[in-house]
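Take a look at the letters that make up each chain.
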Amino acid sequence: MSAVQEALPAVRSSRDATVRRFALTDAIFHATTRAAAILVLVLLGGVAISLFAGSWQALSTFGFSFLTSESWNPVTEKFGALAPIYGTIITSAIAILIAVPLGIGIAIFLTELCPRPLRRPIGMAVELLAGIPSIIYGIWGLFVLAPFLQTTVQPFIISVFHGIPGLNSLFAGPPYGIGLLTSAMILAIMILPFITSITKDVFDTVPSVLKESAYGIGCTTWEVTRRVVIPYTRIGIMGGVMLALGRALGETMAVTFVIGNAHRISTSLFAPATTISATIANEFTEAVGDLYTSSLVALGLILFVITFLILAIARYMLMRIDARTGA
Amino acid sequence: MSTAASLHQSRKRKNGVMMALCVIAACIGLAWLALILGALLYKGLAGVSLSVFTEMTPPPGDAGGLLNAIYGSIVMTIIGIIVGTPIGVLAGTYMAEYGRFSKLTTVVRFINDILLSAPSIIIGLFVYELMVRPMGHFSAIAGAVALAILVIPVVVRTTEDMLNLVPNALREAGTAIGAPRWVVIRSVAYRAALSGIVTGILLAIARISGETAPLLFTALNNQFWSSNLNAPMASLPVTIFQFALSPYEEWQQLAWTGALIITLTVLALSIFARSLTGRREDK
């Protein structure tokens, strides 16, 4: 009895020490994980700040005209971003026009038509397409797609449209093979898996009761898709498209191979052009002079701002559909 | 009666047309994948030989291999993973465990998703401003840091998702026997989510092993063997980029072979990663 009482304070103090040690290590671990989470925020902030600092010289030299000038002349050191911005937007827009119908079509095929045993393999193949590095698409575009377009498709299109006003300037010029349209096609292949897999995922969120009741009153598969599935998942599809748009705008290597790197704005889709990312990739290591480098970083800043906005909207839309299915 | 029948016919016809279009879309998608892989195998296999793996990148017009580029890619990928993974896992841990309902987590998740799809060339510019410009020269370590920044969002995302799947009853059981929270996380949550976290790391390796844009102006390139982390280092993607755009046939052949090596590596990694989690879902 007394021996136990004598031992109690020692036991208590050692227990207290253990609890204190646990509390301390837990606090350290908590703080470490928190710091890592904050580091993610710091990274994005650091990207914004460093791009802004790096482009300050160009922005202060050219001011607002940097955005509106088409000239890009390393010799006279006159730089304007209009041609790369134009190329970026046109290639991405055409890519979206090609990829969205295809992607939604594949998603409908996978969710409504595909025989069950084939669903997983085909879905997986589409996702593997997303994992292929962009440089592979680039090298394929340069050596396989561009020569094919140059020798067969483009001469045909030019000969068909050359008498039609409006369209003849859209498809004008010698068939180079490389250029805006080729880049857009490569981009379309690259973003197709993103659009497909997101669309498929949001299609799967449609409650079967909704679809079954539509089938129950005699709707065809297409009517169910058009009137029930697509309206229900509209926000999710839009989010997926925006996400794909963000990818397309920032895609570098695949485009760099096939865009032709020409700093001019041309109405013809067959003309060589340039995009923001292709300009940076092609010229950054060769840029001599601070102003040249700074102008390239300024291009990067423009790309960063555009993609940040697009991706933020995309995530917001996808979050809304997540919240709905979670509720 | 006849109008109802004809309406029925036209609806069925429309359905047939639209569904046929969807099948065609799927065929186009699959054909495209087949075309790319076919061209890659056809052109790439033509140049596969032992010398690709044993010889250095050649000067123009000479035969050679890709040894220094393969070595550089492996070194920078490993450093990128070693630097990026712990940060990603810890951040994911905070979001799923300590701060599951905190405002910080919502913000970090949003920003992380944006980083996940941010253009990788922007990351290259960032590291150039952060490291290459102050140091005054291109270096392998700058390339590895750029890759690490690309690893982080992938690992954060998968770690958080996988930890969120761990049933709370497991954590409560750990807490009930008196284990402090970090012990519960380490010995219960991590162990339960291990295969998922490993999947995330494998996917991150798959992603960075093909990345070119962030290496262009951080690690640059190197014609020669170099194991100096403080000097420019060759990498497979940048070498492919340089060789494919060159007019020399030997270089273009090496570019195709390199492209085949990268693609097979990436595909193998992502199939392996998927099989890790796929097995668990089937259970």
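Residues numbered from 1 in each chain as written. Chains lettered and ligands numbered in written order. Predicted model: local features only at pLDDT ≥ 70, side-chain atom pairs only at ≥ 80, totals over all residues. Heavy atoms only, no water.

Caption draft 1: Focus on the overall build of chain B. Looking only at helices and strands, one finds 11 helices and zero strands in chain B. Moving toward the C terminus, one meets the helices and strands of chain B in the order α-α-α-α-α-α-α-α-α-α-α. Against the 2.2 N^0.38 benchmark of 19 Å for 283 residues, chain B shows a C-alpha radius of gyration of 24 Å, more extended than a compact globule. The principal-axis extent of the C-alpha atoms belonging to chain B is close to 75 × 75 × 35 Å. The 283 residues of chain B split such that 55% are buried. Restricting the contact set of chain B to residue pairs at least 6 apart, pairs at least 24 apart contribute 73%. (Helix = DSSP H or I, 4+ residues; strand = E, 2+ residues; numbered from the N terminus. Rg over C-alpha atoms; globule rule 2.2 N^0.38 Å. Buried < 20%, exposed > 50% of the residue type's maximum accessible area, 1.4 Å probe, protein only. Contact = heavy atoms within 4.5 Å.)

Caption draft 2: Just the domain arrangement of chain B, in detail. All names here are of chain B. By the assigned domains, chain B splits into domain 1 (1-45) and domain 2 (52-282). On a C-alpha basis, the centroid separation for the pair domain 1 and domain 2 is 37 Å. On the domain 2 side, the residues contacting the seven residues of domain 1 number seven residues. For the pairing of domain 1 and domain 2, the buried interface totals around 590 Å² over both sides, and the portion due to carbon and sulfur atoms is 80%. Three residues stand out in domain 1 for area buried against domain 2, namely L40, K43 and G44, and they jointly supply 74% of the buried area on that side. The tally of links from domain 1 across to domain 2 stands at zero salt bridges. Summed over the shared surface of domain 1 and domain 2, the result is two residue pairs in polar contact (both at pLDDT 80 or more). (Domains from an automatic or database assignment. Buried area = accessible area lost by both parts, 1.4 Å probe. Salt bridge = Lys/Arg side-chain N within 4 Å of Asp/Glu carboxyl O. Polar contact = N/O pair within 3.5 Å; in protein donor to acceptor, adjacent residues only side chain to side chain.)

Caption draft 3: Looking closely at the pattern of salt bridges. The final tally for this structure, using the stated rule, is 10 salt bridges over all chains. As a salt-bridge pair, A:E112 and A:K211 come within 3.3 Å of each other at their nearest N and O atoms. In this pair, A:E112 is assigned in helix 3 (residues 82-113) and A:K211 in helix 8 (residues 208-216), connecting sequence segments 99 residues apart. Classification of A:K211 as buried rests on a relative accessible area of 18%. Across the pair A:E223 and B:R11 runs a salt bridge whose closest N-O atoms are separated by 2.7 Å. Taken together, the positions of A:E223 in helix 9 (residues 221-232) and B:R11 in helix 1 (residues 2-45) put the pair across two chains.

Caption draft 4: Just a nonpolar patch on the surface, in detail. On the surface, B:V17, B:L21, B:I24 and B:I28 cluster together to form a nonpolar patch covering roughly 330 Å² of accessible area. Relative to the elements of secondary structure, B:I28 occurs in helix 1. (Patch = residues over 30% accessible without salt bridge, like charges linked within 9 Å, V, L, I, M, F, W, Y side chains within 5 Å. Areas by Shrake-Rupley, 256 points an atom, 1.4 Å probe, with all protein chains shown as cover.)

Caption draft 5: Focus on the layout of surface pockets. Counted as a void, the second largest pocket has a volume near 280 Å³. As for the second largest pocket, its lining consists of 13 residues, and the residues nearest its centre are A:A281, A:T285, A:E286, B:L216 and B:F241. Top element by residues in the lining of the second largest pocket is helix 10 (residues 236-244) of chain B. It accounts for three residues. A class-by-class count of the residues in the lining of the second largest pocket yields seven nonpolar, five polar and one charged. (1 Å grid on protein atoms, 1.4 Å probe; cavity = no way out; pocket = protein on both sides within 12 Å on 5 of 7 lines; lining within 4 Å. Points joined across faces, edges and corners; volume = space filled by probe spheres on them. Nonpolar A, V, L, I, M, F, W, Y, C, P; charged D, E, K, R; others polar.)

Caption draft 6: Broad picture of the side chain of A:S134. All names here are of chain A. If you trace the backbone, S134 turns up in helix 5 (residues 134-161). A relative accessible area of 14% means that S134 is categorised as buried. Leave out the neighbours within four places in its chain, and S134 touches M190, E251, M253 and A254.

Caption draft 7: Structural detail: the packing of helix 3 of chain A against helix 7 (residues 180-204) of chain A. Residue and element names in this part refer to chain A. Where helix 3 meets helix 7, the closest approach of the two axes is 6 Å, and the angle between their N-to-C directions is 40°. By the angle between their directions, the pair helix 3 and helix 7 is classed as oblique. Considering the relative orientation of helix 3 and helix 7, their crossing is right-handed. Taken together, the residues of the contact of helix 3 with helix 7 break down into 24 nonpolar, eight polar and two charged. (Axes fitted to C-alpha atoms, helices over the stretch in contact; angles between N-to-C directions. Parallel < 35°, antiparallel > 145°, perpendicular 65-115°, else oblique. Left-handed = near helix turned anticlockwise from the far one by under 90°.)

Caption draft 8: Up close: empty space enclosed by the protein. Tallied over the entire structure, the rule returns two cavities of 30 Å³ or more. What the largest cavity holds in volume is close to 70 Å³. Grouping the amino acids of the lining of the largest cavity by side-chain chemistry returns nine nonpolar, one polar and no charged. There is about 30 Å³ of room inside the second largest cavity. Surrounding the second largest cavity, A:F304, A:T307, A:F308, A:L311, B:I114, B:A118 and B:P119 form its lining. When residues in the lining of the second largest cavity are grouped by element, the largest group, four residues, is from helix 13 (residues 290-326) of chain A. In terms of residue class, the lining of the second largest cavity is built from six nonpolar, one polar and no charged.

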